[in-house]
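Structural features, examined
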Amino acid sequence: MSAAMKLDAGAPMVELRGISRRFEKKLDFAGKIAKRLGAPVREEVVHAVDKVDLTIRKGEVVGLVGESGCGKSTLGRMVAGILPPSDGVIMRNGTDILSRSSAAAREMKLRTQMIFQDPYASLNPRMRVADIVGEAPLVHGIVSRSGYDAYVDEQMRRAGLDPAFKRRYPHQFSGGQRQRIGIARALAVKPDFIVCDEAVAALDVSIQAQILNLFIRLRTELDLTYLFISHDLGVVEHISDRVVIMYLGRVVEEAPSETVFAQPNHPYTQSLLASVPRIESRKRAFSVVKGEIPSPLNPPSGCHFHPRCPHAMERCKVEVPVLREVAPGQRSACHLNDQA
Ligand SMILES: Nc1ncnc2c1ncn2[C@@H]1O[C@H](COP(=O)(O)OP(=O)(O)OP(=O)(O)O)[C@@H](O)[C@H]1O
Ligand code: SF4
Ligand SMILES: [Mg+2]
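Described below are features of the structure shown in this document. (Residues numbered from 1 in each chain as written. Chains lettered and ligands numbered in written order. Predicted model: local features only at pLDDT ≥ 70, side-chain atom pairs only at ≥ 80, totals over all residues. Heavy atoms only, no water.)

Quick notes on the packing of aromatic side chains
According to the stated counting rule, one finds five aromatic pairs in the structure shown. Geometrically, the ring pair formed by Phe215 and Tyr226 is edge-to-face, given 5.7 Å between the ring centres and 80° between the ring planes. Of this pair, Phe215 sits in helix α9 (residues 205–222) while Tyr226 sits in strand β8 (residues 225–229), and the two are 11 residues apart along the sequence. The two residues Phe215 and Tyr226 agree in class, both being buried. A centroid spacing of 5.2 Å and a plane angle of 65° characterise the contact between Tyr268 and Phe305, whose relative ring orientation is edge-to-face. In this pair, Tyr268 sits in helix α12 (residues 267–274) while Phe305 sits in the loop between α12 and α13 (314–318), placing the two residues 37 residues apart along the sequence. The two residues Tyr268 and Phe305 agree in class, both being buried. In textbook terms, an aromatic cluster arises when at least three aromatic residues are bridged by ring pairs, as seen for Phe215, Tyr226 and Phe228. For the cation-ring pair, Arg145 lies above Tyr148, with the distance from its terminal atom to the ring centre recorded as 5.8 Å. (Phe/Tyr/Trp six-rings, centres within 6.5 Å; stacked < 30°, edge-to-face > 60°. Helix = DSSP H or I, 4+ residues; strand = E, 2+ residues; numbered from the N terminus. Buried < 20%, exposed > 50% of the residue type's maximum accessible area, 1.4 Å probe, protein only. Lys NZ or Arg CZ within 6 Å of the ring centre and 35° of its normal.)

So, the pattern of salt bridges
Applying the stated criterion across every chain, the model contains 20 salt bridges. As a salt-bridge pair, Asp87 and Arg22 come within 3.0 Å of each other at their nearest N and O atoms. Of the two residues, Asp87 is situated in strand β4 (residues 87–92) and Arg22 in strand β1 (residues 12–25); the sequence distance between them amounts to 65 residues. Residue Arg22 is classed as partly exposed on the basis of its relative accessible area of 33%. The partner of Arg111 in a salt bridge is Glu107, and the shortest N-O contact between them spans 3.5 Å. Here Glu107 and Arg111 lie together in helix α4 (residues 102–111), a separation of four residues that amounts to about one turn. Residue Glu107 is classed as partly exposed on the basis of its relative accessible area of 44%. (Salt bridge = Lys/Arg side-chain N within 4 Å of Asp/Glu carboxyl O.)

See below:
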């Protein structure tokens, strides 16, 4: 490894500072009438992501977990540059991507690719695999017409697909193969950062393992950095160097993967892990945390987790806990840490 590469290793690739995203829930017909008649109704606002700070370093795999609706996909889409934040700054390799010239912003977008849960929905059913994989690199001048065929073959092979099938359509492939097409398409534009949003969630368990292994191999082969979003703790544990836990739009804990699983600090993380069956690790889902997930339209005051937290105190209902370091590399947002 050269000295320059060594210096670069671990440098911040993505930095989120105070990132929030709100969605306005428009009034329905009855609401509009009521408002016109003078009733105190307002459009409701969902705080999908609320003041998140997060740094992802070059070469890292960061797992992002939390129950359904906590804002994982919204955060992932903002990081990937396909959804603008309501507030905050997104730095990519040291530059603010939201205030860059459009050419530079386009380059950053291209270098960040997103892989989704349902490849079938994101692959054009009327396009042949060769075109699905090769179109963007051709448009962006990454490959010339004369090198096109060889380039597509190389991308397909790298994702574990036989180039002999490149004239086929997406429906002629299995679910796992379709995810490989999605991966080949994403990698064909030479990204250095990939956001995977539930990228293996729709696949059978045996296929999941194959695709996860492909992600792991590609990481080394292509020097990739990942934000790996999953509701499945088993998947996250398997692939991530660091884990970030979200609850109702906020990060409540982040730590190296082994620390999160061995010494979780936040009561929410502890509840998630308590619900994990010890032996059958494939069943690591979230549904068993006690109590309903509150609505993000009207989240609880103070610490959002207080109605479900077994340790909740009076203070928790009024004061938002700040995310702070509780051990080297481990940050948690819980008032219990002030009592030690
Ligand atoms: N385009 C949108 N318009 C309105 N509300 C939205 C929109 N996108 C997301 N939301 C809301 O924002 C909140 C966070 O949604 P998001 O999809 O980011 O959650 P998630 O953690 O990815 O959930 P899941 O695990 O189910 O995929 C939810 O309350 C959701 O209803
Ligand atoms: S701040 Fe309070 S309610 Fe929130 S997790 Fe900690 S103890 Fe529980
Ligand atoms: Mg999602």
